[in-house]
Each structure stands twice: as structure tokens, then as C-alpha cells.
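Overview (structure and organization)
Listed below, chain by chain, are the residues.
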Amino acid sequence: MNASAQVRGRTYVHVTSSASGLSLMDTESQTALAGYPVSGLPLPRDDSRSAWPDAWLINAVRRDPPDEMSLDVLVTRYWKTLFARCQILTLDREAASDLAQEAWLRILRARRSLEPDGNFHAYIVTVATNLWRDRNRTARRAGAMADSRLESLDAADPDHGQPMALVDVVPDATTLSMDEQVLLKMDIDRGLQRLSPHLRDVLVSRFVGGESAAEIGRRYDRTEQTISSWIREASREMRVYLGESRNYDARAENR
Amino acid sequence: MRREFDIEELLRWRLERAESDAPLPPAGLRLLQRARPWWELWPERFAVQVRRLGAIQVSYGYAMAQFQHGHSGHPVPTLINHNDEQLEAPARVLYMNVRDGKLRLRFQLDPIPRIERGFEVTFISEGALQPILSAYASLSVDGEYRLDAELPEDLAATWEALKVTDRMPFRFILRPATDNI
């Protein structure tokens, strides 16, 4: 996958003005943002970068050589949310850290094509998610979740569109003790682990990424209805697993 | 006290926990070092491989005769670099398009020495044997490798006119993408 990617229909493309040698984005931004760190101008030596908007930091990272302090600020600014998304995809702390760093490496190797005014957070999460999807592609073809099985879900609608509620199965997480929170985290991870990468992807894309079924469907070349049925199936599997697991825990506590 | 808790809330709660459990971010300097192209990181290794790549002779007439069954395109001399071994396997460019400075390319390895899900593809200029481009190619369901890459202006201008049936002005060094992690 190339580091340029589409984020919600927006493509990151590097455009250079042949006349000035400056990127058009630089040129435009000079008029829009006072103090914008365009190529050729010295960067400040102080630590004021933490207050810079993404566009300034990205422009500083695009320079030759890239500005390390700006990169540090940018990495730190989005590290936790990027790691969290990678964690919920990989369900492994070390793998999540590797995936998040690999996303950064892909971006840095094509840093000149970064668009300062784009949604950087969405962009890097998209890069990481695409890397994770690439890794799962072969395994998916191998058959654990073959397309034939997904097809069989297309018509299934076991809950007839009712919202998936976990009444009396999962307690209010805000009232849990630390030990109980650890157990709940493990249960959620195990539930997600049991899902095929396909179903985990659509569930996370829908409920964490906020994508609509239609948007996910375009990526999978499936109809909105099909994706909705996948989401319902994934939710159902999670509910069944969490129900079984937490009822078992409750029984164990009562013994 | 228990209350209704749906999947979305559950996942968002898990995400918040993951954020609070996140390790320290990597240093920018370390990332920049790791992001340097491999031929800068290991110049000696690159020199050895590019010498071997340059020595690959492709008999175009013979190779063209071997691929009469549905595929067109000249073979591209290719060196596949696994950790401790290099394999030669000609790549066949099945599709190449340059538009708005962006390259779209599909190629196939024939024979396939070892299936890899993705490669870091280093384009080496045919004449000077210098690295001119690096991009990632991923395996498609058809067994082809596909890549999209932004091209520098000079390459875009030169390659825009290339057809898939032309002799390509580059050779490939392929490295399994996981080697870069």
C-alpha cells in the first residue's frame, strides 16, 4: 500500500508549483496562516511547537531535513488514539505498538506527499487499518472466513433490526472495580478475537470509526444491506460470547 | 447497578482503556532513522544486490515466447531479497498507468519462488543501476502484485508515455514488506 490514501473521499496528493518550487499547499497557506513554516525559513528553537496546529507541524516534517521536534509533537499528539485503534484491531499490545509504528514509517517514507490541511488523525488511522487489513488478507483467503460464509450471512437477520443490547450481561463499566475492569477488557478482547477479521473490521469501522454501512460497503464492494447484516452478526456473536462468559463468571462467583 | 450496555458503548469503553494503557510514544528521531530507505541504511548490502541485479540477463525473445497465454509485457529483471538469500525471478508488468503524477502498476512473478503478501519494491534504473523509486506492492486475489505510488515530476514525465508492452527502463529489487517492521 502506498502512503497516499483516501480518507473519507479525500485523496492526499502532492502538488508542486513548477514556477516557485514551493508546494501549492505551502503557497496557499502562507496567505491563510501567519508564521506558517514554509520551506527555506528557519524554524524556532523553542518548544512552542506543542501549540502548533497539525498543518504547521506537517509542513515542518515535510521539509528537508524533517524537523524532529515537530515530528515528536505530532507523534505524541496522536499516539494514544492510534495505539488504541491498533490495539482493538490486533488485540495484542506488542502487535498494536508495532502496527502503529509501521503506520508512522509508511507515512514518513512518503512524507512529501502529506497534505498539511488534511485530517491527519483520520489519515494515520486509515494507514494503520489498511496495513492490518493487508496482513489479514491471506488468512481470510485461506478459508477461516471464506466469502461463501459471508454470503450466507447476507440474508440473515436474526434480530430483525433490533438494537443489540447486553441487558444484565455487562454492567456499567464506570461502576466496576479495577479488577472487574481488567476482566471486562479481557472478555471484550476474547469476544473480538473470536470474530473473523472481516467481522471485526466492520464492527470496529462502524462503531469505533463511525463509518456508515454504505461507506464500509464501498470498501468491500458489498451492498449497504449486506454490511448491515455483517454488523448484526458480529454484534450477535459478541453478545453471545459475552453472555456466556459473564454468566460463567457469575456462576463461579456464587459457588 | 446494571444498565443496558450496547456493543458500541462497550467498544468505545475498550478504546478508552486502550488509550490510557498506551505505551510511551516512539521518539521522532528513532522513527526517522527507521524510515530511511534501506539502501541508505545498508549501502554495502545494496551494492552487492545491485551488482547481482545488473548481471541478470533476460533473453527477451525467449521470455516473450513463454508468456503467450493471455499476458503481455516485457519481463523485468528482478531480485528477490529474503533475509539471507537472493532469488532471481523475472517480473512481468501486466498493467502500468501514470496519470497526474501517480503510478499504478500490476506485476506478476513467474515463476513464483515464494509467495509473499507484500513487497517493498525498489525500482533500479536500467542504465545507471541507481535507486529511483520505492513503493509497496500487495498481493491481490489474482496472484498479482499491485502498487500505487506518487512519482517525482521527472519520472512522471518520462514514464507517462510508457506502454506495458515497452521494455521497462527499470529493474526491481523486492523485499518482503514485513522485513521493514
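1. Overview of the overall build of chain A
- Across its full length, chain A carries 10 helices and 2 strands.
- Mapped in sequence order, the helices and strands of chain A form the string β-β-α-α-α-α-α-α-α-α-α-α.
- At a minimum sequence separation of 6, the contacts of chain A that also span at least 24 residues come to 63%.

2. As for the pairing of strand β2 (residues 78-82) of chain B
Residues and elements named next belong to chain B.
- For β2, the tally of buried residues reaches 4 of 5 residues, placing the bulk of the element in the interior.
- As defined by bridge partners, β2 adjoins strand β9 (residues 170-176) across 3 bridges and the pair is classed as parallel. Its bridge partner lying in β9, I80 is registered against L174.
- Between the end of β2 and the start of strand β3 (residues 85-88), which pair antiparallel, lie 2 residues.

3. Quick look at helix α8 (residues 197-207) of chain A
- By the criterion of burial, α8(A) is predominantly enclosed, with 10 of the 11 residues buried.
- Those residues of α8(A) lying buried are A:H198, A:L199, A:R200, A:D201, A:V202, A:L203, A:V204, A:S205, A:R206 and A:F207.

4. Some details on the environment of A:T126
- In this structure, A:T126 sits in helix α5 (residues 120-142).
- Sequence spacing of A:T126 and A:G209 is 83 residues, and the spatial spacing of their C-alpha atoms is 9.7 Å.

5. A closer look at the pairing of strand β6 (residues 118-125) of chain B
Residue and element names in this part refer to chain B.
- Burial of β6 is extensive: 7 of the 8 residues sit out of reach of the surface.
- Pairing analysis gives 7 bridges linking β6 to strand β7 (residues 131-139), with the strands arranged antiparallel. Considered in β7, the bridge of F119 is made with A137.
- Linking β6 to β7, which pair antiparallel, is a turn of 5 residues; within it L129 sits at a positive phi near 55 degrees.
- Taken together, the 7 bridges between β6 and β9 define a ladder with antiparallel strand orientation. Note on β9: the bridge partner recorded for F119 is P176.

6. A closer look at the sheet that holds β3(B)
All names here are of chain B.
- Across the sheet, 9 strands lie side by side as β1-β4-β5-β8-β7-β6-β9-β2-β3; this open sheet has mixed pairing. Of all the strands in the sheet, the pair left with one neighbour each is β1 (75-76) and β3.
- The sheet contact formed by β2 and β3 spans 4 bridges and is antiparallel. The partner of H82 across the bridge, within β3, is E85.
- Here helix α4 (residues 43-55) sits on the sheet and contacts β2, β3, β6 and β9; the angle it forms with β2, its principal contact strand, is near 145 degrees.

7. Describing the confidence of the model for chain B
All names here are of chain B.
- A residue-level look at chain B finds 87% of positions with pLDDT of 70 or above and a mean pLDDT of 84.
- Within chain B, the lowest mean pLDDT, 54, falls on helix α5 (residues 60-66), and the highest, 94, falls on β9.
- Both scores are available for the predicted complex, with the pTM at 0.69 and the ipTM at 0.70.

8. Observations regarding the packing of helix α3 (residues 68-90) of chain A against helix α2 (residues 28-35) of chain B
- Following both chains from N to C, one finds α3(A) and α2(B) inclined at 105 degrees, their axes separated by 8 Å at the closest point. Classified by the angle their axes make, α3(A) and α2(B) are roughly perpendicular. Residues A:E68, A:L71, A:D72 and A:V75 of α3(A) form the contact with α2(B), whose participating residues are B:G28, B:L29, B:L31 and B:L32.
- In terms of residue class, the contact of α3(A) with α2(B) is built from 5 nonpolar, 1 polar and 2 charged.

Calculation criteria
Residues numbered from 1 in each chain as written. Chains lettered and ligands numbered in written order. Predicted model: local features only at pLDDT ≥ 70, side-chain atom pairs only at ≥ 80, totals over all residues. Helix = DSSP H or I, 4+ residues; strand = E, 2+ residues; numbered from the N terminus. Contact = placed C-beta atoms within 7 Å. Buried ≥ 20, exposed ≤ 12 C-beta atoms within 10 Å, placed from the backbone. Pairing = 2+ DSSP bridges. Axes fitted to C-alpha atoms, helices over the stretch in contact; angles between N-to-C directions. pLDDT = per-residue confidence, 0-100. Parallel < 35°, antiparallel > 145°, perpendicular 65-115°, else oblique. Nonpolar A, V, L, I, M, F, W, Y, C, P; charged D, E, K, R; others polar.

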